[in-house]
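Each chain, written out:
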Amino acid sequence: GDSLTAGGFGSEPYPKQLEAMLNSDTELEPGTQYKVHNAGICGETTEEMVERLPSELDELSQQGIRPAFILILGGTNDMGSCSPEEIV
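Residues numbered from 1 in each chain as written. Predicted model: local features only at pLDDT ≥ 70, side-chain atom pairs only at ≥ 80, totals over all residues. Heavy atoms only, no water.

*Asks:* Just to check I follow, could you spell out the pattern of salt bridges for this structure?
*Replies:* Opposite charge on two side chains allows them to pair when their charged atoms are near. Scanning the model with the defined rule gives 4 salt bridges in all. Through salt bridges that share partners, Glu 44, Arg 52 and Glu 56 make up one connected network. (Salt bridge = Lys/Arg side-chain N within 4 Å of Asp/Glu carboxyl O.)

Right, dumping it as structure tokens:
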């Protein structure tokens, strides 16, 4: 994700909020601890996110982490720096 994912602007980044919500939801699998990995980088475009994704997954794999799903929030930086044809 981009800076909206990375956080640091006075509020808790949404990955941290999502992790707290998942772990407090009593309807999900009891006893399961969910971990949300925040890989947000300020200023990154969606193209850069897509290019970086394999190395992020490799790094997690090396740590013994296998994500159940991947959520990417992007596009904000594309609006100011990319033409409509370039936006992924």
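*Asks:* Could you clarify how one ought to interpret the layout of surface pockets in this entry?
*Replies:* Once rolled over the atoms, a probe with the size of a water molecule shows which space is left empty. Taken as a whole, the largest pocket encloses approximately 730 Å³ of empty space. Val 36, His 37, Pro 67, Phe 69 and Ile 70 are, among the 27 residues lining the largest pocket, the residues nearest its centre. Sorting the residues of the lining of the largest pocket by element identifies helix 2 (14-24) and helix 3 (46-62) as the ones contributing at least two each. Here the lining of the largest pocket gets 6 residues from one element, more than from any other, and that element is helix 3. Considered class by class, the residues forming the lining of the largest pocket number 18 nonpolar, 5 polar and 4 charged. (1 Å grid on protein atoms, 1.4 Å probe; cavity = no way out; pocket = protein on both sides within 12 Å on 5 of 7 lines; lining within 4 Å. Points joined across faces, edges and corners; volume = space filled by probe spheres on them. Helix = DSSP H or I, 4+ residues; strand = E, 2+ residues; numbered from the N terminus. Nonpolar A, V, L, I, M, F, W, Y, C, P; charged D, E, K, R; others polar.)

*Asks:* Is there a simple way to think about the side chain of Asp 78 in this case?
*Replies:* Position of Asp 78 relative to the elements: it lies in helix 4 (residues 76-81). Buried and unpaired, Asp 78 has Arg 52 as its nearest opposite-charge partner, separated by 12 Å. Within the structure, the side chain of Asp 78 is placed 2.5 Å from the side chain of Thr 46, a separation counted as a polar contact. (Buried < 20%, exposed > 50% of the residue type's maximum accessible area, 1.4 Å probe, protein only. Lys, Arg positive; Asp, Glu negative; His and termini not counted. Polar contact = N/O pair within 3.5 Å; in protein donor to acceptor, adjacent residues only side chain to side chain.)

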